[in-house]
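# Examination of the molecular architecture
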Amino acid sequence: MTREEIFERLNDVFRDVFDDDDLTVTDATTAQDVDGWDSLRHITLLAAIEDEFDVTFSMGQTVSMKNVGEMVDFIEEEA
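All of these numbers come straight from a predicted model, not from anything done at the bench. (Residues numbered from 1 in each chain as written. Predicted model: local features only at pLDDT ≥ 70, side-chain atom pairs only at ≥ 80, totals over all residues. Heavy atoms only, no water.)

## Describing unusual backbone geometry
In the Ramachandran plot, Asp 19 falls in the positive-phi region, its phi being about 50° despite a non-glycine side chain. Within the secondary structure layout, Asp 19 lies in the loop between α1 (3-17) and α2 (39-53). A positive phi angle is found at Asp 54, which is not glycine, with a value near 55°. Note that Asp 54 resides in the loop between α2 and α3 (59-64). (Helix = DSSP H or I, 4+ residues; strand = E, 2+ residues; numbered from the N terminus.)

Here it is, written out as structure tokens:
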């Protein structure tokens, strides 16, 4: 799966979780860039990403990821 394909699917997940059809994420996107991305929504988002890509984030990964690009890096390694 290419990075572009991951972003296409990831954008769909973000749009669904944040109920925003116009939302588009990039490598540099952080929680501060997305309205409503709080700790509870973060858990919901990670669960949705795990389901979409059939991956599992460790607790260390969930707290250490600084941006969407790091999520994509992990998905690339695992998928």
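Here the narrative resumes, following the displayed structure.
## Here's the deal with the packing of aromatic side chains
Taken as a whole, this structure holds 4 aromatic pairs when the rule is applied. Relative to Trp 37, the ring of Phe 14 has its centre 5.4 Å away and its plane inclined at 70°; by these criteria the two rings are edge-to-face. Of this pair, Phe 14 sits in helix α1 while Trp 37 is found in the loop between α1 and α2, placing the two residues 23 residues apart along the sequence. Each member of the pair, Phe 14 as well as Trp 37, is classed as buried. Where Phe 18 meets Trp 37, the ring centres are 5.8 Å apart and the plane angle is 55°; that geometry is what we call tilted. Note that Phe 18 is positioned in the loop between α1 and α2 and Trp 37 in the loop between α1 and α2, a separation of 19 residues in sequence. Given the relative accessible area of 12%, Trp 37 is considered buried. (Phe/Tyr/Trp six-rings, centres within 6.5 Å; stacked < 30°, edge-to-face > 60°. Buried < 20%, exposed > 50% of the residue type's maximum accessible area, 1.4 Å probe, protein only.)

## Observations concerning α2
Residues that lie three or four places apart on an α-helix share one face, since the helix turns once every 3.6 residues. Over its 15 residues, α2 extends 21 Å from the first C-alpha to the last, a length consistent with the 21 Å expected when each residue adds 1.5 Å. If you check which residues of α2 are buried, you get His 42, Leu 45, Leu 46, Ile 49 and Phe 53. On an axial view of α2, the arc spanned by its buried residues comes to 100°, and they lie on one face. Away from its buried face by more than 90 degrees, α2 exposes Leu 40, Ile 43 and Asp 51. Turning to α2, the residues buried within the fold contact α1, α3 and α4 (68-78). Measuring from the backbone nitrogen of Leu 40 back to the side-chain oxygen at the start of α2 gives 3.3 Å, which picks out Asp 38 as the cap. At the C-terminal side of α2, Asp 54 shows a positive phi close to 55°. (Expected span 1.5 Å × (residues − 1). Arc of directions from axis to C-beta. Contact = heavy atoms within 4.5 Å. Polar contact = N/O pair within 3.5 Å; in protein donor to acceptor, adjacent residues only side chain to side chain.)

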